[in-house]
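# Structural description and commentary
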Amino acid sequence: MGAVRTKRMPRAVREQQMLDAAVRTFGQRGYMAASMDEIAELAGVSKPLVYLYLNSKEDLFTACIRREAAALTEAVRTGVRRELPADRQLWEGLGAFFAHTARNPDGWSVLHLQARTHGEPFAGEVAAMRAEIVAFVTQLILAAAREAHRDPDLPEGEVAGLAEALVGAAESLADWANVTPGVTARQAAATLMNFAWSGLGNLMAGRPWTAPEAAH
């Protein structure tokens, strides 16, 4: 085991250092396989200090989820300029999402894979983050509808469903982009825009796809 560094530093800085190590370990090894010994060594602190700061492995994992969720939602929100047309807002939001998940693959693994597969309270933390992003995308779709003067024709439930579908597609595409060599955040965002915005554009123009009549 490597030597533990004992240099004194502010508590907040030390705690972020521990969270950095924990995110890397949880993201790469998974919640069950990750050990507090491994996290402490990677952070350069003693295991008792990790417990002193963050109480337990469950509390440490929850703190990692909350930090990574806040960072992702902030990246998406700050990546969108509200003065732009709706399609450009969506493009910038997707670009910010894919850029962040590409830069932070371990954090994305914690949020999208590890937290969801280990039940409560972890899944609930991620669900709250996802609901915030879905609400944000819903507002972007409503903005597009207003630009096209279509908002009276788009039922609230349909808009909510479109936002859910778009976020779900972005999540799956982020997983794919992070394990596919050569795929950039810009390429991933363009792929989803080509997939989603063409359909949304037709919808806003009053040309929705309609299901065929059921055969009798």
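Residues numbered from 1 in each chain as written. Predicted model: local features only at pLDDT ≥ 70, side-chain atom pairs only at ≥ 80, totals over all residues. Heavy atoms only, no water.

### Things to note about the overall build of the chain
The test is simple: By definition, any uninterrupted DSSP run of H or I lasting at least four residues is a helix, any uninterrupted run of E lasting at least two residues is a strand, and each is numbered from the N terminus. Type-normalised accessible area, obtained with a 1.4 Å probe on protein chains alone, sets the label of each residue: buried when under 20%, exposed when over 50%, and partly exposed for intermediate values. Note on definitions: a residue-residue contact is assigned when non-hydrogen atoms from the two residues lie within 4.5 Å. Accessible areas in this description were obtained via Shrake-Rupley with a 1.4 Å probe; residue shielding takes into account the shown protein chains only. Lys and Arg are tallied as positive, Asp and Glu as negative. Neither His nor the chain termini are counted. By convention, the point assigned to a charge is CZ for Arg, NZ for Lys, CD for Glu and CG for Asp.
Helices and strands together make up the secondary structure of the chain, namely 9 helices and 0 strands. Ordering the α and β elements of the chain from the N terminus gives α-α-α-α-α-α-α-α-α. Each of the three principal axes of the chain carries a C-alpha extent, and together these read 70 × 45 × 35 Å. Expressed as a percentage of its 216 residues, the buried residues of the chain come to 42%. Intrachain contacts of the chain at a sequence separation of at least 6 include 70% that bridge at least 24 residues. Put simply, the chain shows about 11600 Å² of open surface, and 55% of that area lies on carbon and sulfur atoms. Averaging the coordinates of the 22 positive side-chain charges in the chain and doing the same for the 25 negative ones gives two points 8 Å apart.

### Quick look at the confidence of the model for the chain
The condition that has to hold: pLDDT runs from 0 to 100 and stands for how confident the predictor is about each residue.
Averaged over every residue, the pLDDT of the chain is 86; the share at 70 or more is 92%. When mean pLDDT is taken per element in the chain, helix H4 (residues 57-78) scores highest with 94 and helix H9 (residues 185-204) scores lowest with 84.

### Quick look at the pattern of salt bridges
Close approach of charged atoms lets side chains of opposite charge pair. Short version of the rule: Every case where a carboxyl oxygen of Asp or Glu lies within 4 Å of a side-chain nitrogen of Lys or Arg is listed as a salt bridge.
Applying the stated criterion across every chain yields a total of 11 salt bridges. Put simply, Glu-164 and Arg-130 hold a salt bridge, and the shortest N to O gap is 2.7 Å. In this pair, Glu-164 sits in helix H8 (residues 156-179) while Arg-130 sits in helix H7 (residues 122-147), placing the two residues 34 residues apart along the sequence. With a relative accessible area of 17%, Arg-130 lands in the buried category. Measuring nitrogen to oxygen at the nearest pair gives 2.9 Å for the salt bridge that ties Glu-171 to Arg-130. Of this pair, Glu-171 sits in helix H8 while Arg-130 sits in helix H7, placing them 41 residues apart in sequence. The residues Glu-171 and Arg-130 share a single accessibility class, namely buried. Salt bridges sharing common partners tie together Arg-116, Arg-130, Glu-164 and Glu-171.

### Focus on empty space enclosed by the protein
Convention followed: Buried and open spaces are told apart on a 1 Å grid over the protein atoms alone, a cavity being a set of points where a 1.4 Å probe fits but cannot get out and a pocket being an open set with protein on both sides within 12 Å along at least five of seven lines. Residues with an atom within 4 Å of a point are the lining residues. Grid points are joined across faces, edges and corners, and a volume is the space filled by probe spheres set on the points. Amino acids outside the nonpolar list (Ala, Val, Leu, Ile, Met, Phe, Trp, Tyr, Cys, Pro) and the charged list (Asp, Glu, Lys, Arg) are all regarded as polar, and Gly is one of them.
With the rule as written, the count across this model stands at 3 cavities of 30 Å³ or more. The space that makes up the largest cavity amounts to roughly 190 Å³. Contributing to the lining of the largest cavity are 17 residues, with Phe-97, Ile-133, Val-137, Val-167 and Ala-170 lying nearest its centre. Of all elements in the fold, only H4, helix H5 (86-103), H7 and H8 reach the threshold of two or more residues within the lining of the largest cavity. Of all the elements, H7 adds the most residues to the lining of the largest cavity, at 6 residues. Its residues assigned to classes, the lining of the largest cavity shows 14 nonpolar, 1 polar and 2 charged.

### Concerning the packing of aromatic side chains
For clarity, the threshold we go by: For Phe, Tyr and Trp, where Trp contributes only its six-membered ring, two rings pair if their centres lie within 6.5 Å, and the inter-plane angle classes them as stacked under 30 degrees, edge-to-face over 60, or tilted in between.
Under the definition given, this model contains 7 aromatic pairs. On the numbers, 4.8 Å between centres and 65° between planes, the contact of Phe-26 with Phe-61 is edge-to-face. A residue pair is termed long-range when its members are at least 10 positions apart, and Phe-26 in helix H1 (residues 11-29) and Phe-61 in helix H4 qualify at 35 residues. Taken individually, Phe-26 and Phe-61 each receive the classification buried, so the pair is uniform in this respect. With a centroid separation of 4.7 Å and 80° between ring planes, the pair formed by Phe-61 and Phe-122 is classed as edge-to-face.

### Brief notes about the packing of H1 against helix H6 (residues 105-117)
Put simply, the test is: As a rule, the C-alpha atoms of each element are fitted with a line to give its axis, helices using only the stretch in contact, and angles between N-to-C directions run from 0 to 180 degrees. Oblique is the label for any angle not covered by the other classes, which are roughly parallel (under 35 degrees), roughly antiparallel (over 145) and roughly perpendicular (65 to 115). Take the far helix as your reference; a near helix turned counterclockwise from it by less than a right angle gives a left-handed crossing, and one turned clockwise gives a right-handed crossing.
Relative orientation of the contacting elements H1 and H6 amounts to 55°, with a least axis distance of 8 Å. One finds that H1 runs oblique with respect to H6. Crossing angle aside, the handedness with which H1 passes H6 is left-handed. The residues of H6 that touch H1, namely those facing Val-23, Arg-24, Phe-26, Gly-27 and Gln-28, are Asp-106, Gly-107, Ser-109, Val-110 and Gln-114.

### Remarks on the environment of Met-193
Checked against the element boundaries, Met-193 lands in helix H9. Distance in space between the C-alpha atoms of Met-193 and Arg-146 is 19 Å, their sequence separation being 47 residues. If near-sequence neighbours (up to four positions away) are discounted, Met-193 is found in contact with Asp-87, Leu-90, Trp-91, Leu-94 and Ser-198.

### A look at the side chain of Thr-138
Stated precisely, the cut-off is as follows: Here a polar contact is taken to be a pair of N or O atoms separated by no more than 3.5 Å, where protein atoms must pair a possible hydrogen donor with a possible acceptor and residues adjacent in sequence count only if both atoms sit in side chains.
Within the secondary structure layout, Thr-138 lies in helix H7. Of note is the side chain of Thr-138, whose polar atom sits 2.8 Å from the backbone oxygen of Val-134. Residues in contact with Thr-138, not counting those within four places in the same chain, are Val-159, Ala-160 and Ala-163.

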